[in-house]
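Take a look at the letters that make up each chain.
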Amino acid sequence: MEKRWTLLPQADKETIQKLSSSLNNLNETLCNILINRGIDDFDKAKVFFRPHTDQLHSPFLMKDMDKAVARLQRAIENEENILVYGDYDVDGTTSVTLVYSYLSNFYGNISYYIPNRYTEGYGVSYQGIDFAEENDISLIIALDCGIKAVEKIDYANKKGVDFIICDHHLPGETVPNAVAVLDPKQSDCDYPYKELSGCGVGFKFMQAWAEKEKHEVDPLFALVDILAVSICADIVAMTGENRVLCHFGIQKLNKNPQPGFKAMLAIANNKKKELTVTDIVFSLAPRINAAGRIESGNKAVEVMLSQNPQLADEGGNYIDLQNTDRKELDKTITKEALAMIEADETLIAQKTTVLFKQDWHKGVIGIVASRCIENYYRPTIILTESKGVAAGSARSVKGFSVYNAIEECADLLEQFGGHKYAAGMTMPLKNVTAFQKKFEEVVASSIDPDLLIPEIEIDAELDLADIESKFYRVLKQFAPFGPLNMKPTFVSKGV
């Protein structure tokens, strides 16, 4: 596949030399990369290279945090039943694991709930609210979901079930009428860092409650490896608070991981002495995700909560088998999807891929969309039938918002949600053909043709003579790597 090589803009010589001088004559190529990442003086470099919990913001800067903490306090004082509710993907299940683990240290009337992907769908469900009512649960803490569940929160309010929403997805025009809505992406939220994962928002909620109750925060920070898994798997920006929390979370994974993670890594045959973001993304995340894709996300939470090594091993083996099933489904459906494109000249020539097959497994269509992009680099949506409607998963190419493109087709959809690069949706089956046509029109009229060619961003030209032990040692300290702090890419010419 053809690729574009793009050398990123280089900082001016004077700025580079000034930073190098302040950092004990650090290699100028590395200084150039730091400047391009917004690190242009000694103080910013110190924050970048020396992550510390002092760099975390007060959770009470987040809109509605005081309301959320007050409602949780009241629930505990009145001995109400509390339900910790989260989506079935990695971010959702880690969110539930972290909040349930921490709260259950202090309070017993607490349970958790993961919606079933196939019978309930994504996010807050009517079945989940009914479950709460039937079990005398008066407070639900919704994690990694809920910001667009306007009608469902109204339904819960009528049943006397209160919601605290902890989400990080983009809000719609109307915010749900919950007791508290914690989401830094709300336009009127002044929280300084906007890129937390869903688990990160849950963490800040627990941090705020611990501060208010004057609890020790050590038990909360003992769960930071769970948070690191969510940050890596959800591919949120590796900057600011995310980078600090991920730094300490990966340290915890390497020194003393949760028994569930230890079991999953052993089963994955990961024997590396030092785990990185890549190991989390390719060893842990697929196994946690597989539980929700094939059967139920509850199994992943059970394994992550387990403090018994034997039970953790048993649960880890079970979801490893589910991951094997997931890989087989992914492989089969990807092969079918690519064959559909290759058999149709019109599809080959399009700026988008939107494919529908009635019996494709809903649990793997997001992965299949990503696989299709590896072969046909363009915004891609894979659809299947679920509960009488077409359910889809979208993935995008770098620089293009698939969420905005889907929003342009909202008149054909029942619901949709997600991020710039990944989204989900449902629509009536009769609308599939019209949606395929309109999505192609929207994308074709708005996408820069260059974005349909994969890009390799090159941070700097590197002289091979510069590669020595100090250079490599400092380069390693750029980690953890992720969006907005990717592993640097170099080019050497005239080799």
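About the cut-offs
- Residues numbered from 1 in each chain as written.
- Predicted model: local features only at pLDDT ≥ 70, side-chain atom pairs only at ≥ 80, totals over all residues.
- Heavy atoms only, no water.
- Helix = DSSP H or I, 4+ residues; strand = E, 2+ residues; numbered from the N terminus.
- Rg over C-alpha atoms; globule rule 2.2 N^0.38 Å.
- Contact = heavy atoms within 4.5 Å.
- Areas by Shrake-Rupley, 256 points an atom, 1.4 Å probe, with all protein chains shown as cover.
- Lys, Arg positive; Asp, Glu negative; His and termini not counted.
- Charge placed at Lys NZ, Arg CZ, Asp CG, Glu CD.
- Axes fitted to C-alpha atoms, helices over the stretch in contact; angles between N-to-C directions.
- Parallel < 35°, antiparallel > 145°, perpendicular 65-115°, else oblique.
- Left-handed = near helix turned anticlockwise from the far one by under 90°.
- Nonpolar A, V, L, I, M, F, W, Y, C, P; charged D, E, K, R; others polar.
- Buried < 20%, exposed > 50% of the residue type's maximum accessible area, 1.4 Å probe, protein only.
- Core = buried A, V, L, I, M, F, W, Y, C linked by side-chain atoms within 4.5 Å.
- Salt bridge = Lys/Arg side-chain N within 4 Å of Asp/Glu carboxyl O.

Scanning the protein chain from terminus to terminus reveals 20 helices and 14 strands. Taken against the 2.2 N^0.38 rule, which gives 23 Å for 495 residues, the C-alpha radius of gyration of the protein chain at 23 Å falls within 12% of a compact globule. Principal-axis analysis of the C-alpha atoms places the extent of the protein chain at approximately 70 × 60 × 45 Å. Summarising the internal contacts of the protein chain: among those between residues at least 6 apart in sequence, 69% fall at separations of at least 24. If you sum the accessible surface of the protein chain, you get close to 22,400 Å²; carbon and sulfur atoms cover 50% of it. A gap of 4 Å separates the mean positions of the 53 positive and 70 negative side-chain charges of the protein chain.

This paragraph deals with the packing of helix α5 (residues 90–103) against helix α10 (residues 224–233). Interaxial distance between α5 and α10 falls to 9 Å at its minimum, and their mutual angle equals 165 degrees. When the axes of α5 and α10 are compared, the pair comes out roughly antiparallel. Every pair of crossing elements has a handedness; the one defined by α5 and α10 is left-handed. In this structure, α5 contributes Val90, Asp91, Thr94, Thr97 and Leu98 to the contact, and α10 contributes Ile226, Leu227, Val229, Ser230 and Ala233. Counted by class, the contact of α5 with α10 contains 6 nonpolar, 3 polar and 1 charged residues.

Turning our eyes to something else, we now look at the packing of helix α6 (residues 126–134) against helix α7 (residues 150–158). Close contact between α6 and α7 brings their axes to 10 Å; oriented N to C, the two are set at 15 degrees. What the angle tells us is that α6 and α7 run roughly parallel. Crossing handedness for the pair α6 and α7: right-handed. Judged by residue contacts, Tyr126, Ile129 and Asp130 of α6 engage Glu151, Lys152, Tyr155 and Ala156 from α7.

Taken as a whole, helix α12 (residues 259–267) has its buried residues at Pro259, Gly260, Phe261, Ala263, Met264 and Leu265. Structurally, α12 contributes buried residues whose contacts are with α10, α11 (240–255), α13 (277–294), α14 (297–305) and α15 (309–342). One or two steps after α12, the chain reaches Asn269, where phi turns positive at roughly 65 degrees.

Ranked by size, the top nonpolar core spans 72 residues in total, and within it Leu72, Leu98, Phe205 and Phe261 carry the most contacts. By residue number, the principal contributor to this core is helix α8 (residues 198–213), which donates 8 residues. Those residues in contact with Phe205 that sit more than four places away from it in its chain are Met65, Ala68, Val69, Leu72, Ile141, Ile164, Cys166 and Leu182. If you look at the next biggest cluster of nonpolar residues, it comprises 28 residues, including Tyr377, Val402, Tyr403 and Cys409.

In this section: unusual backbone geometry. The linkage connecting Ala479 with the following residue, Pro480, adopts the cis geometry, with an omega of 5 degrees. When you line up the elements, Pro480 lands in the loop between α20 (469–476) and β14 (490–491). Of note in this structure, Glu79 is not a glycine but carries a positive phi near 55 degrees. Within the secondary structure layout, Glu79 lies in the loop between α4 (65–77) and β2 (81–86). By relative accessible area, Glu79 is classed as exposed at 59%. One non-glycine residue with positive phi stands out, namely Asp144, at about 65 degrees.

This part takes up the pattern of salt bridges. Inspection of every chain in the model, using the stated rule, returns 23 salt bridges. The residue Asp459 makes a salt bridge to Arg37 at a minimum N-O spacing of 3.1 Å. One end of the pair, Asp459, is in the loop between β12 (455–458) and β13 (460–461); the other, Arg37, is in the loop between α2 (28–36) and α3 (42–49), with 422 residues separating them in the sequence. Relative accessible area serves as the criterion here: at 7%, Asp459 is assigned to the buried category. Owing to a relative accessible area of 21%, Arg37 belongs among the partly exposed residues under this scheme. We note a salt bridge from Glu457 to Lys398, for which the minimum N-O separation is 3.0 Å. Of the two residues, Glu457 is situated in strand β12 and Lys398 in the loop between β9 (389–395) and α18 (402–407); the sequence distance between them amounts to 59 residues. Glu457 sits in the partly exposed class, given a relative accessible area of 32%. Where salt bridges share partners, they join Arg4, Lys398, Glu455 and Glu457 into one cluster.

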